[in-house]
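Fold and contact review
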Amino acid sequence: MEIMEFCGKVKKNLALYAGEGVNVSIKETVKNNGVVLHGIMVTEKGRNVSPNIYLDGLYETYEKGGTFGGVMEEVYHIYEESRLEGNMDIGFFLDYGIMKDRVVYKLISYENNRELLGQVPHIRFLDMAVTFYCHVPKAGMESATILVYNSHLNVWNITEERLLKDAGKNTPRILPPRLLSIEEMMQEIFVRDTCGKKDDRSGDGGLFSAAGDGNGLKSKMYVLGNREKLFGAAVLLYEGVLERIADTFGCGFYVLPSSIHEVILVPEGKGEDAFGLWKMVCEINATQVEPEDVLTNSVYHFSGKNRKLEKIF
């Protein structure tokens, strides 16, 4: 069964489950790096928020021998979990006087998103691009994001420079930086997967405590991102963060783009081989990271002396 036929079958069954007053349609969504995801959009009469249920993962499970009944049980569960009572107020998005406190930025690949970048305001940063989105607070749902397009700047009557200035203030405040040793990150994943507990460390207060205890660095690798684990690679843009990390490490460090959500830092002085690090990044991106979450295959270096981030491979 092809993916579109699968989507059509899911659509038919979900429409019967949802009942009258609900429109179910198939939607293809272009994500980061030009990745196309297939989903089902559910529009309920009188509501202005439509859940979008992505089916690619479920299709893969089905193709590997899963039952269609099992697929539909998961779809029904996602549908019920994603429904909102009443409407969501999105009028704020039309008023930049309100929006200006919610606009934030993220980093994506410049080369792999050329078509998208022709439609959205962006700033070139090394071989990446800074793009902007509205961070919608939780309101009976997980935090939502609304990408900012060039057309929005016309409606708001603002410049790209104003957008960057406001996002530069908002992003560190809304999405505080977070640094963990690779060992702490693995422990956190273990606790989450086995106990269902979430780590609640956040804010700048604990940002650098993971680096060491005064007797030197306690790890060969660190993970840098933000509290929500959402587009955390953008922490590379936060004013003063890389400088403070270098001071805490007592040396410069290499930056490996683990994904658009986080980066890995490797302190200098461990006999690092830039080419070897580059091969590791390429392999991980090809085998461990979802295509839409890949940032770049590059390796970067932040110098403790000239305080500058550069692409080296």
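Residues numbered from 1 in each chain as written. Predicted model: local features only at pLDDT ≥ 70, side-chain atom pairs only at ≥ 80, totals over all residues. Heavy atoms only, no water.

**Overview of the confidence of the model for the protein**
- The predicted model of the protein averages 85 in pLDDT, with 83% of residues at 70 or higher.
- When the criterion is pLDDT under 50, residues 200–205 qualifies, and its contacts beyond four places in sequence or with other chains add up to ten contacts. (pLDDT = per-residue confidence, 0-100. Contact = heavy atoms within 4.5 Å.)

**Quick notes on the packing of helix α1 (residues 3–18) against helix α3 (residues 68–82)**
- Taken N-terminus to C-terminus, the directions of α1 and α3 make an angle of 55°; their axes are 11 Å apart at the nearest point. Taken together, the axes of α1 and α3 lie oblique to each other. Note on packing geometry: the crossing formed by α1 with α3 is right-handed. Residues F6, K9, V10, N13, L14, Y17 and A18 of α1 form the contact with α3, whose participating residues are F68, V71, M72, V75, Y76, Y79 and E80.
- Of the residues in the contact of α1 with α3, the class split is eleven nonpolar, one polar and two charged. (Axes fitted to C-alpha atoms, helices over the stretch in contact; angles between N-to-C directions. Helix = DSSP H or I, 4+ residues; strand = E, 2+ residues; numbered from the N terminus. Parallel < 35°, antiparallel > 145°, perpendicular 65-115°, else oblique. Left-handed = near helix turned anticlockwise from the far one by under 90°. Nonpolar A, V, L, I, M, F, W, Y, C, P; charged D, E, K, R; others polar.)

**Points about the pairing of strand β8 (residues 177–181)**
- Within β8, five of the five residues are buried, which leaves it mostly tucked inside the rest of the structure.
- Covered by surrounding structure in β8 are P177, L179 and S181 together with R178 and L180, the residues of both alternating faces. (Buried < 20%, exposed > 50% of the residue type's maximum accessible area, 1.4 Å probe, protein only.)

**Digging into helix α10 (residues 274–287)**
- Over its 14 residues, α10 runs 20 Å from end to end, which matches the ideal 20 Å to within 8%, given 1.5 Å per residue.
- Listing the buried residues of α10 in full gives L277, V281 and N285. Down the axis, α10 shows its buried residues gathered within 70° of arc, on one side only. Turned more than 90 degrees away from the buried face of α10 sit E283, A286 and T287, all of them exposed. (Expected span 1.5 Å × (residues − 1). Arc of directions from axis to C-beta.)

**Quick look at the sheet that holds strand β13 (residues 309–311)**
- Spatial strand order, β8-β9-β11-β10-β12-β13: six strands in an open sheet with antiparallel pairing. Unpaired on one side and paired on the other, β8 and β13 mark the two borders of the sheet. Looking at each pair of strands side by side, their axes are set apart by 30° on average, direction ignored.
- When strand β10 (residues 253–256) meets strand β12 (residues 300–302), the two strands line up antiparallel, connected through three bridges. (Pairing = 2+ DSSP bridges.)

**Concerning unusual backbone geometry**
- Even without being a glycine, K229 presents a positive backbone phi close to 55°.
- Its place among the elements puts K229 in the loop between β9 (222–226) and α9 (241–249).
- In this structure, R307 takes a positive phi of about 55° despite not being glycine.
- Here R307 is to be found in the loop between β12 and β13.
- Take R307: its relative accessible area is 31%, and that puts it in the partly exposed class.

**A closer look at the packing of aromatic side chains**
- The full count for this structure, using the stated rule, is 15 aromatic pairs.
- When the ring of Y17 is compared with that of Y76, the centres are 4.1 Å apart and the planes differ by 15°; the resulting orientation is stacked. Taken together, the residues Y17 in helix α1 and Y76 in helix α3 connect sequence positions 59 residues apart.
- Under the relative-accessibility criterion, Y17 is labelled partly exposed at 39%.
- Among the aromatic residues, those joined into a cluster by ring pairs are F6, Y59, Y62 and F68.
- Over the aromatic face of F68 sits the side chain of K9, whose NZ or CZ is 4.4 Å from the ring centroid. (Phe/Tyr/Trp six-rings, centres within 6.5 Å; stacked < 30°, edge-to-face > 60°. Lys NZ or Arg CZ within 6 Å of the ring centre and 35° of its normal.)

**Thoughts on helix α7 (residues 160–174)**
- Helix length check: α7 (15 residues) gives 20 Å between terminal C-alpha atoms against 21 Å at 1.5 Å per residue, within 8%.
- Along α7, the sharpest kink reaches roughly 25°, centred on A167.
- Looking only at α7, the buried set comprises L163, D166, A167, N170, T171 and I174. (Bend = angle between axes of the 7 residues up to and from the residue.)

**A short note on the side chain of S303**
- Here S303 shows up in the loop between β12 and β13.
- Residue S303 is classed as buried on the basis of its relative accessible area, which comes to 13%.
- A distance of 3.1 Å separates the side chain of S303 from the backbone nitrogen of K305, its partner in a polar contact.
- Among residues more than four places away in sequence, those in contact with S303 are G252 and K308. (Polar contact = N/O pair within 3.5 Å; in protein donor to acceptor, adjacent residues only side chain to side chain.)

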